[in-house]
Amino acid sequence: MLMAHPAILRNLVEQYETLRILHAQDGRPQVRQRMDDVAYTLCVSTGTRDVDAALIAARHQLPGARPEDDSVLTA
């Protein structure tokens with residue numbers, strides 16, 4: 001499987017987290033659509049089918065990730 005460059009993964013994770021906050025604040029359809037697009041790209045980039053799994057996988061592929069990273073334990 002091809003692996004996305006860590007800079008791309010970091011950018012996607014940051015975009016998704018920002019969009020999630022924006023969507024929670026105002027819920028505009030454009031924000032939701034962009035969030036869905038980023039989630040899809042994250043899933044494709046990490047070989048997963050679920051955005052939560054994609055976020056965990058992306059974080060573990062970033063430089064400095066620890067095997068005991070607590071992102072695995074968050075819901």
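Residues numbered from 1 in each chain as written. Predicted model: local features only at pLDDT ≥ 70, side-chain atom pairs only at ≥ 80, totals over all residues. Heavy atoms only, no water.

Trainee: Give me the nonpolar core: which residues, what numbers.
Mentor: Counting 16 residues, the largest nonpolar core has Tyr16, Val38, Leu42 and Leu55 as the members making the most contacts within it. Of all the secondary structure elements, the ones that give two or more residues to this core are helix H1 (6-26), helix H2 (29-46) and helix H3 (51-61). Apart from residues lying up to four places away in sequence, Val38 is in contact with Leu12, Gln15, Tyr16 and Leu19. (Core = buried A, V, L, I, M, F, W, Y, C linked by side-chain atoms within 4.5 Å. Buried < 20%, exposed > 50% of the residue type's maximum accessible area, 1.4 Å probe, protein only. Helix = DSSP H or I, 4+ residues; strand = E, 2+ residues; numbered from the N terminus. Contact = heavy atoms within 4.5 Å.)

Trainee: An account of the pattern of salt bridges is needed here, citing residue identities and associated values.
Mentor: Pairing of side chains with opposite charge becomes possible as their charged atoms draw close. One pass over the structure, following the stated rule, counts 3 salt bridges. Between Glu17 and Arg59 there is a salt bridge, with the nearest N and O atoms lying 2.3 Å from each other. Residue Glu17 is found in helix H1, and its partner Arg59 is found in helix H3; the two are separated by 42 residues along the sequence. By relative accessible area, which is 23% here, Arg59 ends up partly exposed. Residue Asp26 is joined to Arg28 by a salt bridge in which the shortest nitrogen-to-oxygen separation is 3.1 Å. Since its relative accessible area comes to 42%, Asp26 is described here as partly exposed. Owing to a relative accessible area of 44%, Arg28 belongs among the partly exposed residues under this scheme. (Salt bridge = Lys/Arg side-chain N within 4 Å of Asp/Glu carboxyl O.)

Trainee: Account for H3, with residues named and values stated.
Mentor: Buried residues of H3: Val51, Ala54, Leu55, Ala57 and Ala58, and no others. Buried residues of H3 fall within an arc of 170° about the axis and therefore sit on the same side. In this structure, the buried residues of H3 make contact with H1 and H2. Two or three places before Asp52, at the opening of H3, Asp50 has a side-chain oxygen 2.9 Å from that residue's backbone nitrogen. (Arc of directions from axis to C-beta. Polar contact = N/O pair within 3.5 Å; in protein donor to acceptor, adjacent residues only side chain to side chain.)

Geometric values such as these leave the question of function open.
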